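Notes for the structure review
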Amino acid sequence: MEPSRGLSAPPGRALGAPIAGLALLAAGVVALPQLTRDSYYLDVATTILMNLALTMSLRLQVSTGQLNMAHISFMGIGAYASALLVTRVGISFWAALPIAAVVAALLAFPIGGLALRVTGPYYFLITFAFSEVVRLFFNNFFVDLFGGPSGLVGIPKPSALPWFGRALTFTTKLELYTLMAALLLVTAAVLVRLEHSRFGLVASAIRQGDLLAETLGVNVFRYKLTAYVVGSLVAGVAGAFFAHSHQVLHSSDFGLEPMVLLVVFTVIGGTGSVWGPVAGTVLMTIAGELLRELHHYESLVFGVVLILTMLWAPDGLVALPGKLARRRRVGVSLAP
Amino acid sequence: MRIRASIAAVVIAPLAAVVGTVVMGGAQDKTLSIGVLGPLSGGAASYGVELVRGAEMKADEINKAGGLKVGADTYRIKLVSYDHKALAADAATAANKLVFQDKVKYIIGNAVGATCNAVQTVTEPEKVLFSFVCWGTNNLGPDKPHSFRVMLSQWEVAEPFYRWVKEKHPQIKRVAAISPNDTSGKDTNTAVVKALKALGFEVAADEYYERGTKDFYPILTKILAAKPDMLDVAAAPAGEGGLILKQARELGFKGAKGWTAGTNPFTIIGVAGKDAAEGVWSPANINVRSDFVSATVRRFGAEYEKRYNEVPGVIAVANYAAFDVITKAMQEARSLDTDKVLAALTQKPFETVWGRLVIGGKETYGIDRQFLYPVVISEVRDGKVVDIAQVLPTALKK
Amino acid sequence: MSIDLLVQALLNGFGLAMVYVLVALGLTLIFSILEIINFAHGEFYMLGGYVTYYVFAVFGVNYFATLGFAILAVGLAGVVAERLIFRYLRGKTLNAFIVSLGLLWVMQASAQLSFGVLDKPVPSAFSGIVRAFGLVISVERLVVSLSAIVLIAALYLFLRWSRPGRAMRAVAQDADAAALQGVDIELVSALGFGIGCALAGGAGGLLAPVFAVSPAMGALPVVKAFIIIIIGGMGSLPGAVVGGLLLGSVEGLGSLFMGSAAVNVLGFLVVILVLLVRPRGLFGGA
């Protein structure tokens with residue numbers, strides 16, 4: 001599946017813009033707890049940060065021209081791996097976190113390697129098939145280990161860390177928020193750096209035409225696989241955090257519905273820029289929380305918003321300001 | 001037309017609420033916010049919708065009667081209900097919103113096993129009283145003192161039900177149980193199989209299907225090959241249970257039929273058809289149209305039908321009753337403090353739409369947090385639901 | 001395990017396969033003309049189910065007349081959706097994914113609001129069973145399967161011989177070249193989308209008496225349709241038929257040997273295997 005090509009060249013090749021963006025993100029993340037200590041707001045903010053790690057890494061894969069519907073599975077693999085390492089093997093969360101991420105990345109090699117042999121809608125559907133296999137696996141196989149349809153409960157929160165003679169604990173909403181914020185800022189820095197490196201340039205070339213990039217001597221497959229594995233590593237980290245902050249795991253947390261939401265966040269924000277998923281995730285999550293009490297009207301409103309946004313802003317929300325500035329007619333071109 | 005009516009309802013309801021508060025509220029009345037959670041959209045929506053409606057009926061009843069008098073104060077009830085789409089992670093977020101944003105101290109109603117576990121990670125540390133209809137065994141326990149199950153579960157129903165089957169229908173020897181493949185399904189089949197073995201039945205099949213399945217021919221072919229005398233669509237929801245019975249009949253099954261954790265008898269009859277549903281016994285159900293139920297239940301059923309245009313199943317009644325019991329306990333405790341209400345709840349029996357109700361279950365769960373009331377076994381006869389026997393859950397016998 | 005049981009299991013698997021093939025053909029027709037995957041396809045199937053519920057079960061119109069009406073009504077709904085929304089999304093697969101998801105949510109929520117959440121039973125138009133050689137075949141399913149086969153054949157003839165059908169195939173092969181030859185792309189895409197939806201609506205109408213109708217009923221056939229078209233190859237009619245039979249036999253036989261819940265893994269594993277051997281499906285062209 002191809003992303004829209006409208007605003008494909010990453011804006012601002014110079015390092016100024018990305019650093020400013022990262023600084024803005026960091027400032028927002030640091031400012032929030034100063035503004036509110038409300039447990040609900042912190043909880044939603046933590047979910048947003050976790051989803052940001054997922055959508056930014058998903059966008060890295062989309063930037064090479066492919067929509068990976070199994071992204072959420074690697075979050076699930078990280079989550080189950082970390083939960084089992086802590087509860088069954090007995091190692092600390094801090095050891096389990098990197099191991100879980102590496103497990104997700106290692107599994108991404110064969111799965112990504114196989115899936116990337118096909119392209120377009122076939123890639124989309126084969127990754128969907130993989131994600132269902134992984135979900136059904138957690139739900140139906142090795143029930144004693146993965147908890148089967150009952151899921152895993154009683155997963156401990158991250159253990160305390162020694163810090164200059166003090167113990168840093170991670171039990172309150174604020175502490176969990178801080179942990180996820182730190183994980184996200186590192187992730188974002190790496191992803192933004194990658195976007196503005198040779199990798200980002202090549203990815204953009206690949207997106208605009210595999211064949212062209214191939215004839216220019218780029219090993220397209222290797223680039224795509226790298227994006228797949230790096231993205232899965234990030235998803236694994238997010239999964240480990242999810243397991244220990246929520247303390248309850250169920251296979252449906254890694255099924256089609258949450259995956260579809262990640263795609264919505266990413267595409268509504270815009271896949272042309274590394275900041276698109278940030279805009280999409282933040283805005284859509286807040287809107288979702290505001291609309292929660294509407295029950296099934298929520299999906300009615302959300303559905304209409306999705307349709308209108310894609311018709312009026314086909315390149316996503318981040319492309320809108322530039323588009324309006326250029327005073328071009330806001331319309332939709334029929335050309336592919 | 002109903003769309004337009006529904007949209008109008010959405011616009012008018014808040015307006016009416018505002019006007020109502022101004023006109024009738026009076027300055028001295030306080031507001032008591034009560035949370036309700038559940039899947040309100042998607043495949044499991046029927047559970048959540050019944051939970052919300054049951055709670056709405058009770059809340060309106062209280063408000064129309066002038067509010068809830070607790071000690072010296074009178075409270076108007078305000079319901080806050082959220083959809084979690086049957087997803088555990090979403091349920092935790094919704095529970096956070098109820099507890100920390102809406103500041104509710106009571107969450108009355110939630111369904112789908114894994115979401116209850118997720119909600120409990122939020123409610124237990126905050127001492128929020130949480131009542132639910134989830135059937136997961138691990139949803140009750142000494143480590144979860146603020147959690148209640150307000151409906152009989154498989155652990156209360158399966159044993160007395162099959163004891164009754166053994167007594168009244170001794171020719172039934174081999175029983176097959178089929179449930180959806182999730183927490184409630186697994187736990188229900190486990191309880192059924194345990195009861196069957198304890199009572200000397202043979203277990204012909206212990207099978208699970210993925211929720212949302214419509215074509216049961218493959219699984220039924222396998223089950224019927226094991227020649228069961230009785231087919232128990234244990235934890236299947238009404239729609240899927242109806243399809244199983246219909247297709248079993250098509251495949252030539254003529255034995256007895258049971259529905260241990262039955263929810264809505266009218267839907268199962270509708271979907272299965274009169275012939276295929278003939279003779280289904282269900283011990284966990286309630287038949288709001290029956291002559292045997294109390295006048296309150298019949299009135300509830302009639303009002304519910306008038307208001308929502310659907311016949312209520314056991315989940316709507318259970319949540320209505322739970323709301324009733326919890327508000328009674330508040331009045332008893334003369335306080336809204338959850339620990340005091342908790343003490344009042346477990347102290348003595350309550351008179352409810354179920355009849356006399358006690359909160360027990362320590363033998364099974366290690367803590368008294370399960371609503372216990374008599375089990376009424378009903379049978380489908382010629383497309384109608386007829387109550388034929390009353391038995392007591394083991395825990396209630398003493 | 002007796003041979004009877006094996007044959008019965010295979011028969012179970014084939015029983016409704018052709019209906020899912022119908023859903024799959026609609027999906028793949030839309031894909032080949034507009035180059036988009038319509039996730040709301042299952043909601044058009046649901047619409048067909050509710051039309052059948054109201055016209056057949058409530059008003060008591062003849063079953064086959066109802067089916068024809070459901071096909072027309074849902075086809076018309078498809079044309080409207082194409083004119084209002086999807087024509088702007090030709091070739092933009094990612095955007096179309098989001099839009100069709102939005103449409104799915106809108107249609108499902110509207111159905112829940114207007115029709116209620118509980119399953120609505122549709123009485124069987126045909127009852128009884130045929131017993132032969134120790135096997136059991138339900139008359140209802142037999143009629144449903146035969147009707148589906150008739151619709152598939154009609155689609156084949158339409159695409160093969162009729163003028164609009166040939167125009168559709170031309171657009172599917174190369175939209176620009178077809179336009180140069182004077183094919184009205186707009187007309188073809190509206191018609192193609194409408195026919196695709198009509199097929200889903202027909203499938204919904206066929207299965208309504210078998211399964212009852214509910215707002216979320218569209219999820220299952222669409223997942224099956226995805227599996228079928230990947231196995232068979234996008235845009236291939238014989239591929240879809242073979243894919244449907246393959247999926248049906250794998251699922252039918254599989255459920256004899258493993259838990260029914262786990263059987264769902266098999267379909268996806270077949271998809272992965274097929275794509276690894278033939279990256280464009282069994283019948284997919286270059």
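Residues numbered from 1 in each chain as written. Chains lettered and ligands numbered in written order. Predicted model: local features only at pLDDT ≥ 70, side-chain atom pairs only at ≥ 80, totals over all residues.

Looking now at the overall build of chain A. Per the secondary structure count, chain A includes 14 helices and 2 strands. For chain A, the C-alpha radius of gyration of 20 Å lies close to 20 Å, the compact-globule estimate for 336 residues. Overall, the C-alpha framework of chain A stretches about 55 × 45 × 45 Å when taken along its three principal axes. Every one of the 336 residues in chain A was classed for burial, and the buried ones make up 56%. In chain A, the proportion of contacts linking residues at least 24 apart, taken out of those at least 6 apart, comes to 78%. (Helix = DSSP H or I, 4+ residues; strand = E, 2+ residues; numbered from the N terminus. Rg over C-alpha atoms; globule rule 2.2 N^0.38 Å. Buried ≥ 20, exposed ≤ 12 C-beta atoms within 10 Å, placed from the backbone. Contact = placed C-beta atoms within 7 Å.)

Below, the discussion takes up the overall build of chain B. Tallying secondary structure elements over chain B gives 15 helices and 16 strands in all. Taken over 398 residues, chain B has a buried fraction of 60%. Long-range contacts, defined here as pairs at least 24 residues apart, represent 66% of the contacts in chain B between residues at least 6 apart.

For the rest of this paragraph, the subject is the interface of chain B and chain A. Opposite the 28 residues of chain B that make contact, chain A presents 27 residues. Within the residue set of the side of chain B that touches chain A, elements represented by two or more residues are β3 (73-83), α3 (88-101), α4 (113-123) and α6 (183-198) of chain B. Of all the elements, α3(B) adds the most residues to the side of chain B that touches chain A, at 9 residues. Looking at the side of chain B that touches chain A residue by residue, the class counts come to 12 nonpolar, 11 polar and 5 charged. (Nonpolar A, V, L, I, M, F, W, Y, C, P; charged D, E, K, R; others polar.)

Residues and elements named next belong to chain C. When you line up the elements, Met168 lands in helix α7 (residues 163-173). Distance from Met168 to Gly192, taken between C-alpha atoms, is 7.0 Å for residues 24 residues apart in sequence. Contacts of Met168, omitting those with residues within four sequence positions, involve Ile33, Leu159, Val188 and Gly192.

All names here are of chain B. For chain B, the assigned domains are domain 1 (2-151 + 293-360) and domain 2 (154-283 + 377-397). On a C-alpha basis, the centroid separation for the pair domain 1 and domain 2 is 29 Å. Taken together, the contact pairs 14 residues of domain 1 with 18 residues of domain 2. Elements supplying a minimum of two residues to the side of domain 1 that touches domain 2: α4, α12 (314-333) and β13 (355-360). Residue composition of the side of domain 1 that touches domain 2, by class: 7 nonpolar, 7 polar and no charged. (Domains from an automatic or database assignment.)

Let us now look at the sheet that holds strand β16 (residues 384-391) of chain B. Think of a sheet as strands paired side by side through backbone hydrogen bonds, with each pair either parallel or antiparallel. All names here are of chain B. One open sheet accounts for 7 strands, arranged β8-β7-β9-β10-β11-β15-β16; its pairing is mixed. Looking along the sheet, the strands with just one partner apiece sit at the ends: β8 (202-209) and β16. Adjacent strand axes in the sheet meet at a mean angle of 20 degrees, parallel and antiparallel pairs treated alike. Note: strand β11 (residues 280-282) against strand β15 (residues 375-381), 2 bridges, orientation antiparallel. Within β15, the residue paired with Trp281 across the bridge is Glu379. Helix α5 (residues 154-168) contacts β15 and β16 of the sheet and is inclined by roughly 55 degrees relative to β15. (Pairing = 2+ DSSP bridges. Axes fitted to C-alpha atoms, helices over the stretch in contact; angles between N-to-C directions.)

Along the chain, C:Met234 falls in the loop between α10 (219-232) and α11 (237-257). With 206 residues separating them along the chain, C:Met234 and C:Thr28 place their C-alpha atoms 5.8 Å apart. In this structure, C:Met234 is in contact with A:Pro121, C:Thr28, C:Phe31, C:Ser32, C:Ile229, C:Gly281 and C:Gly284, ignoring residues within four places of it in sequence.

Another point: the interface of chain C and chain A. Counting residues at the interface gives 39 residues for chain C, matched by 38 residues for chain A. Among the secondary structure elements, those contributing two or more residues to the side of chain C that touches chain A are α5 (93-115), α10 and α12 (260-277) of chain C. Looking at the side of chain C that touches chain A, the element that brings in the most residues is α5(C), giving 16 residues. Grouping the amino acids of the side of chain C that touches chain A by side-chain chemistry returns 27 nonpolar, 9 polar and 3 charged.

Attention now moves to the packing of helix α2 (residues 39-62) of chain A against helix α7 (residues 173-195) of chain A. Residue and element names in this part refer to chain A. Where α2 contacts α7, the two axes come as close as 9 Å, and the packing angle between them is 20 degrees. The orientation of α2 with respect to α7, classified from their angle, is roughly parallel. Like other packed secondary-structure pairs, α2 and α7 cross with a definite hand, here left-handed. Seen from α2, the contacting residues are Ser39, Leu42, Asp43, Ala45, Thr46, Leu49, Met50, Leu52, Ala53, Met56, Ser57 and Leu60; seen from α7, they are Lys173, Leu174, Leu176, Tyr177, Met180, Ala181, Leu183, Leu184, Thr187, Ala188, Leu191 and Leu194. Looking at side-chain class alone, the contact of α2 with α7 contains 18 nonpolar, 4 polar and 2 charged residues. (Parallel < 35°, antiparallel > 145°, perpendicular 65-115°, else oblique. Left-handed = near helix turned anticlockwise from the far one by under 90°.)

What follows covers unusual backbone geometry. Only a minority of non-glycine residues have a phi that is not negative, and only a minority of peptide bonds are not trans. For B:Arg334, which is not a glycine, the phi torsion comes out positive at approximately 50 degrees. For B:Arg334, a count of 15 C-beta atoms within 10 Å gives the class partly exposed.

Residue and element names in this part refer to chain A. Relative to the 27 Å expected for 19 residues at 1.5 Å per residue, helix α3 (residues 71-89) spans 26 Å between its end C-alpha atoms, a close match to the ideal helical length. The buried fraction of α3 amounts to 15 of the 19 residues, a majority that puts the element mostly inside the structure. Phi turns positive, to about 90 degrees, at Gly90, one or two residues after α3. (Expected span 1.5 Å × (residues − 1).)

Residues and elements named next belong to chain A. Helix α12 (residues 276-290) packs onto α2 with a crossing angle of 145 degrees between their chain directions and a minimal axis gap of 9 Å. As α2 runs across α12, the sense of the crossing is right-handed. Taking contact as the criterion, the partners of Val44, Thr47, Ile48, Asn51, Leu52, Thr55, Met56 and Arg59 in α2 are, on α12, Gly276, Pro277, Val278, Gly280, Thr281, Val282, Thr285 and Glu289. Partitioned by chemical class, the residues of the contact of α2 with α12 number 7 nonpolar, 7 polar and 2 charged.

Here we take up the nonpolar core. Ranked by size, the top nonpolar core spans 358 residues in total, and within it B:Val317, C:Val21, C:Leu22 and C:Val23 carry the most contacts. The two domains that each donate at least three residues to this core are domain 1 (2-151 + 293-360) and domain 2 (154-283 + 377-397) of chain B. Setting aside chain neighbours within four positions, we find C:Leu22 in contact with C:Ala148, C:Leu151, C:Ile152, C:Leu199, C:Gly202 and C:Ala203. (Core = buried A, V, L, I, M, F, W, Y, C linked by C-beta atoms within 7 Å.)

Residues and elements named next belong to chain C. Pairing geometry for strand β1 (residues 129-132) and strand β2 (residues 135-138), over 4 bridges, is antiparallel. Considered in β2, the bridge of Ala132 is made with Leu135. Counted along the chain from β1 to the antiparallel partner β2, the turn is 2 residues long, and its residue Phe133 has a positive phi close to 50 degrees.

Burial runs high along β15(B): 5 of the 7 residues are buried. Counted along the chain from β15(B) to the antiparallel partner β16(B), the turn is 2 residues long, and its residue B:Asp382 has a positive phi close to 55 degrees.

Low pLDDT marks stretches whose predicted atomic positions should not be read closely. All names here are of chain A. Counting all residues, the mean pLDDT for chain A is 87, and 92% of those residues have values of 70 or more. The weakest mean pLDDT in chain A belongs to helix α9 (residues 210-215) at 72; the strongest belongs to α3 at 96. Segment residues 330-336: pLDDT under 50, and 8 contacts once partners within four positions in sequence are set aside and those in other chains are kept. (pLDDT = per-residue confidence, 0-100.)

What follows concerns helix α13 (residues 338-345) of chain B. Residues and elements named next belong to chain B. Within α13, burial applies to Thr338, Val341 and Leu345. The buried side chains of α13 occupy one side of the element, clustering within an arc of 60 degrees when seen end-on. Where α13 is buried, its residues touch β5 (129-132), α12 and β13. (Arc of directions from axis to C-beta.)

All right, on to the confidence of the model for chain B then. Residue and element names in this part refer to chain B. For chain B, the average pLDDT comes to 88, and 92% of its residues sit at 70 or higher. Mean pLDDT per element in chain B: helix α1 (residues 2-25) is the minimum at 47, and strand β9 (residues 230-232) is the maximum at 96. Contacts for the low-pLDDT stretch residues 1-27, under 50 throughout, to residues beyond four places or in other chains number 7 contacts. What the predictor reports for the complex is a pTM of 0.89 with an ipTM of 0.89.

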